[in-house]
Amino acid sequence: MIVGTAGHIDHGKTALVKALTGVDADRLKEEKARGITIDLGYAYSDLGDGRQLGFVDVPGHERFVHNMLAGATGIDAALLVVSAAEGIKPQTVEHLQIMDLLGLDRGIVALTKADLANDDQLLERMAEVETLLSSTSLKGAEIIPVSAITGQGVDELKSKLLTLGESGKGTAGHARLAVDRCFLLPGAGVVVTGTVHAGEIRVGDHLLLSPSGLEARVRSLHAQNRAAEVGHAGERCALNLSGARLSKEAVKRGDWVVSPDLHAPSDRLDVELKLLASEEEPLKHWSPAHIHLGAAHVMGRIALLDGDRLMPGSSCLAQLVLDEKIGALAGDRVILRDASALRTIAGAAVVDPFGPPRNRRTPRRLAELRALRHPDTAVLPALLREEAGHVDLARFGIARNLRAAEVERLLMEAGGTKVAGFGFLAETLAAARDDLVGTLKSFHEASPDALGLPPERLRVTLKKRWPPAVFAALLEHEVAARSVTIDGALVRLPGHSLTLGAKDEALWKKIAADLTRERFKPPRVRDFAETYGVAEPNVRKLLRQLAKLGRVVEVAPDQFFLRPVVAEMIAIANGLGSDFTAAQFRDKLDNGRKLAILILEFFDRHGITIRRGDLRRTVPQKLGQYGPAPG
Ligand SMILES: Nc1nc2c(ncn2[C@@H]2O[C@H](COP(=O)(O)OP(=O)(O)OP(=O)(O)O)[C@@H](O)[C@H]2O)c(=O)[nH]1
Ligand SMILES: [Mg+2]
């Protein structure tokens, strides 16, 4: 377990840690010279019986609250230090507010410098502190008079700290360590230190630095100041890392060392925000703030999601829009300080680390956020019933640091089904199928001479509008279940087909033979009309119907090509290299300049080629529009 000090400057935090552990946590030259703590200090006390207490000693100076926060976010219990000589001071209050906003409910108050106060004064101070604690998560915490000079109360404090219990951080999820220091160790290389917030880190693990994404392999590690093979959640670790692009400069306080599964930095955190009751003004929408999460510290803005002002002492849903991406997971605590970093104004808990940039405050999204506030086991049942109707399971797993198997178990318990990475309720899938089949049925009735609908048209025609990726998953699911069919580029019902009458079928046979014989220079509508003695409009109508069936393509007015021939011509154009002329293309097809240009203009219109001056190039992702080239 890790205990963090808290309290006003000069109240004796560092002296007390030294009395408890024998270690002077003030290690910087400037700290020694000025007699104050500037940055975080660390000390461990071995109790001889295998048990150990770890301390993070923080600065009390008002200008170094940001450093205090980098340490406070990783601790399990608070050691609030109040000088018996001075009593409650501004950073006593601010540090306590921070402990409260972090939800820390384990802690002890040390009434330091007891040697400087008489019994009456001590009793008075204890009463003051008790009142101050009473409205916080540390309500009822024990208050113990101590002196670092005489040693009074130090042993009692130590044994009381041991009764606070184990770290509450779970080792079940993927590994995650909040970096608070990075330095070069001669002969070893880059070393980072920090608190393991989740999972386990082992020697040999391949991890990532987040948000940078740099690869980092664990060469060796120390857990709680001792060489070890593995570091667990709740322990402070030092990791000796190696990686291709890794350097001391590439790592900073606030980064996370994570299992690759957890690397998903975000700059929009949807949170439940609580404004401190001590604030004098309501919080306005889009207020700038200093935002602290884990050991990270970034600037950002607060977008209020339900209302334009938040009253002191109240809570609401908000989106923190950060100036830069950080690593964050659901449940992470956030501390917000005002734009000039003079005081703590609010605290927050992350509800969704992947806040949407748009539609963040629609009723639908707010309902979703309310569902996301449930505990792990109740989130999926609630979420699956929301209007969205689906859950992106990979994202859900990352946000809550759950392994895939755990997500699937929760989905099963929620009565859900997994379809291509999304979770649905059976009734949602059934409704989606009815919608799909019903929409196609109406379409076939209204347009009996069309084969089917392009997928994107179908998606926007459905009663329920799915995001494209979800729709693709549903469509694939229904194709596999044979409730719909994909034919070329069109979706249709399996029972629906287009048939030509006997006369048309006979005419098409002859036309098809002509189109095959002169495939790059096929006869036009008028030619067929003359050759076969059929009225021009009838030939045109037949060929247009065949186009809908996906057999021919009208490349220019009345100029039809067989569909596979179009694919072949695309392949030929593509084979001409990056910049080709119409003449080069014509030479390959040997079909005359005029027709070659009509074909290239058709390609231009469909984005298959891009034209600059007299030169064209093909667009790789558009080449498959007419299917694979034959042969
Ligand atoms: N008489 C007396 N003096 C103390 C005691 N504890 C600390 N001091 C003195 O108080 C001064 C400040 O102590 P520190 O431990 O550095 O205080 P701190 O809370 O760590 O200060 P910051 O880290 O700068 O916020 C030092 O001069 C200590 O010697 C105590 O129990 N009795
Ligand atoms: Mg100190």
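Our structure's up above, just so we're on the same page.
Residues numbered from 1 in each chain as written. Chains lettered and ligands numbered in written order. Predicted model: local features only at pLDDT ≥ 70, side-chain atom pairs only at ≥ 80, totals over all residues. Heavy atoms only, no water.

Description of the overall build of the protein
Scanning the protein from N- to C-terminus turns up 19 helices and 32 strands. Relative to the globule expectation of 25 Å for 631 residues, the C-alpha radius of gyration of the protein, 35 Å, shows a markedly less compact shape. Seen through its C-alpha atoms, the protein measures out along the principal axes to roughly 120 × 50 × 45 Å. Each of the 631 residues in the protein was classed as buried or not, and the buried ones make up 51%. Summarising the internal contacts of the protein: among those between residues at least 6 apart in sequence, 66% fall at separations of at least 24. Counting only carbon and sulfur atoms, one obtains 51% of the accessible surface of the protein, whose full area is about 28,800 Å². (Helix = DSSP H or I, 4+ residues; strand = E, 2+ residues; numbered from the N terminus. Rg over C-alpha atoms; globule rule 2.2 N^0.38 Å. Buried < 20%, exposed > 50% of the residue type's maximum accessible area, 1.4 Å probe, protein only. Contact = heavy atoms within 4.5 Å. Areas by Shrake-Rupley, 256 points an atom, 1.4 Å probe, with all protein chains shown as cover.)

Brief notes about the site of ligand 1
Around ligand 1 sit 18 residues in total, of which K13, T14, A15, T37 and A148 are the nearest. Within the backbone of G60, one N or O atom sits 2.8 Å away from an oxygen atom of ligand 1. A distance of 3.0 Å separates an oxygen atom of ligand 1 from a polar side-chain atom of K113. Here ligand 1 loses 80% of its free accessible area of 650 Å² to cover by the protein chains. Among the residues making up the shell around ligand 1, the classes are represented as seven nonpolar, seven polar and four charged. (Near = heavy atom within 4 Å. Polar contact = N/O pair within 3.5 Å; in protein donor to acceptor, adjacent residues only side chain to side chain. Nonpolar A, V, L, I, M, F, W, Y, C, P; charged D, E, K, R; others polar.)

Considerations on the sheet that holds strand 1 (residues 2-6)
As summarised here, the arrangement of the six strands in space is 2-3-1-4-5-6, forming an open sheet in which the pairing is mixed. Looking at strand neighbours, the two that pair on one side only are strand 2 (41-46) and strand 6 (142-145), the edges of this open sheet. Ignoring strand direction, the axes of neighbouring strands in this sheet form an average angle of 25 degrees. In this structure, strand 2 lies alongside strand 3 (residues 52-57), joined through six bridges in antiparallel fashion. Considered in strand 3, the bridge of S45 is made with L53. In this fold helix 4 (residues 90-101) packs onto strand 1 and strand 4 (77-83), with an angle of close to 165 degrees to the strand it touches most, strand 4. (Pairing = 2+ DSSP bridges. Axes fitted to C-alpha atoms, helices over the stretch in contact; angles between N-to-C directions.)

Observations concerning the packing of aromatic side chains
Scanning all chains against the criterion turns up five aromatic pairs. Between F424 and W466 the ring centres are 5.9 Å apart and the planes differ by 75 degrees, which places this aromatic pair in the edge-to-face class. Here the residue F424 occupies a position in strand 26 (residues 422-425), and W466 occupies one in the loop between helix 12 (455-461) and helix 13 (468-480), the gap between them amounting to 42 residues. A ring pair is formed by F580 and F585, whose centres lie 6.4 Å apart and whose planes are at 40 degrees; its orientation type is tilted. Here F580 falls in the buried class, since its relative accessible area comes to 0%. Judged by relative accessible area, F585 falls into the buried class, the value being 0%. Taken together, F580, F585, F602, F603 and Y626 form an aromatic cluster joined through their ring pairs. Taking the ring centre of W256 as reference, the NZ or CZ of R176 above it sits at 3.8 Å. Between K464 and the ring centre of W466, over which it is positioned, the NZ or CZ distance is 4.9 Å. (Phe/Tyr/Trp six-rings, centres within 6.5 Å; stacked < 30°, edge-to-face > 60°. Lys NZ or Arg CZ within 6 Å of the ring centre and 35° of its normal.)

Focus on the coordination of the magnesium ion (ligand 2)
The protein atoms that coordinate the magnesium ion (ligand 2) are T14 (OG1) and T37 (OG1), at distances spanning 1.9 Å. Placement of the pair is T14 in helix 1 (residues 13-21) and T37 in the loop between helix 2 (29-34) and strand 2, with a sequence separation of 23 residues. (Donors = N, O, S within 2.8 Å, 3.2 Å for Na, K, Ca; no water.)

Notes on helix 13
Here helix 13 spans 18 Å end to end across 13 residues, near enough to the 18 Å set by a 1.5 Å rise per residue. Summarising the contacts, the buried residues of helix 13 are in contact with strand 25 (416-419), strand 26, helix 11 (426-446), helix 12, strand 27 (485-487) and strand 28 (490-492). The positive-phi residue at the C-terminal boundary of helix 13 is R482, with phi of around 60 degrees. (Expected span 1.5 Å × (residues − 1).)

Structural notes on the sheet that holds strand 26
Hydrogen bonds along the backbone pair up the strands of a sheet, which may run parallel or antiparallel. The antiparallel open sheet is built from three strands, whose spatial order is 24-26-25. Edge positions in the sheet fall to strand 24 (391-392) and strand 25, since each of these pairs with one other strand and no more. Two strands pair when backbone bridges link them, and strand 24 and strand 26 are joined in this way by two bridges, in the antiparallel orientation. Directly across from V391, in strand 26, lies its bridge partner G423. Contacting strand 25 and strand 26, helix 10 (residues 404-413) crosses the sheet at an angle of about 135 degrees to strand 25. Sitting on the sheet, helix 11 is in contact with strand 25 and strand 26, with an inclination near 90 degrees to strand 26.

What about the nonpolar core?
Grouped together as the largest cluster of nonpolar side chains are 67 residues, with contacts concentrated most on M99, L273, I302, L320 and L336. In this structure L320 touches D267, R268, L269, V271, I291, R301, I302, V334 and L336, once residues within four positions along its chain are discounted. (Core = buried A, V, L, I, M, F, W, Y, C linked by side-chain atoms within 4.5 Å.)

A closer look at the packing of helix 3 (residues 65-72) against helix 4
The description of two helices packed together rests on the angle between their axes and the distance between the axes. One way to put it is that helix 3 packs onto helix 4 with a least axis distance of 11 Å and a crossing angle of 30 degrees. Classified by the interaxial angle, the pair formed by helix 3 and helix 4 is roughly parallel. With respect to the hand of their crossing, helix 3 and helix 4 are arranged in right-handed fashion. In this structure, helix 3 contributes V65, M68, L69 and A72 to the contact, and helix 4 contributes E94, H95, I98 and M99. A per-class count over the contact of helix 3 with helix 4 returns six nonpolar, one polar and one charged. (Parallel < 35°, antiparallel > 145°, perpendicular 65-115°, else oblique. Left-handed = near helix turned anticlockwise from the far one by under 90°.)

Details of the pattern of salt bridges
Counted under the stated rule, the structure contains 37 salt bridges. E408 serves as the salt-bridge partner of K418, at 2.8 Å between the closest nitrogen and oxygen. In this pair, K418 sits in strand 25 while E408 sits in helix 10, placing the two residues 10 residues apart along the sequence. Residue K418 is classed as partly exposed on the basis of its relative accessible area, which comes to 45%. Across the pair E554 and R544 runs a salt bridge, and its minimum N-O distance is 3.0 Å. Taken together, the residues span a long stretch of sequence, with E554 in strand 29 (residues 552-556) and R544 in helix 16 (residues 536-548) at a distance of 10 residues. Judged by relative accessible area, which is 24%, E554 ranks as partly exposed. For R544, a relative accessible area of 42% gives the class partly exposed. Salt bridges here are not isolated pairs; linked through shared partners, they connect D270, D352, R365 and E368. (Salt bridge = Lys/Arg side-chain N within 4 Å of Asp/Glu carboxyl O.)

In short, shape yes, function no, at least from these values alone.
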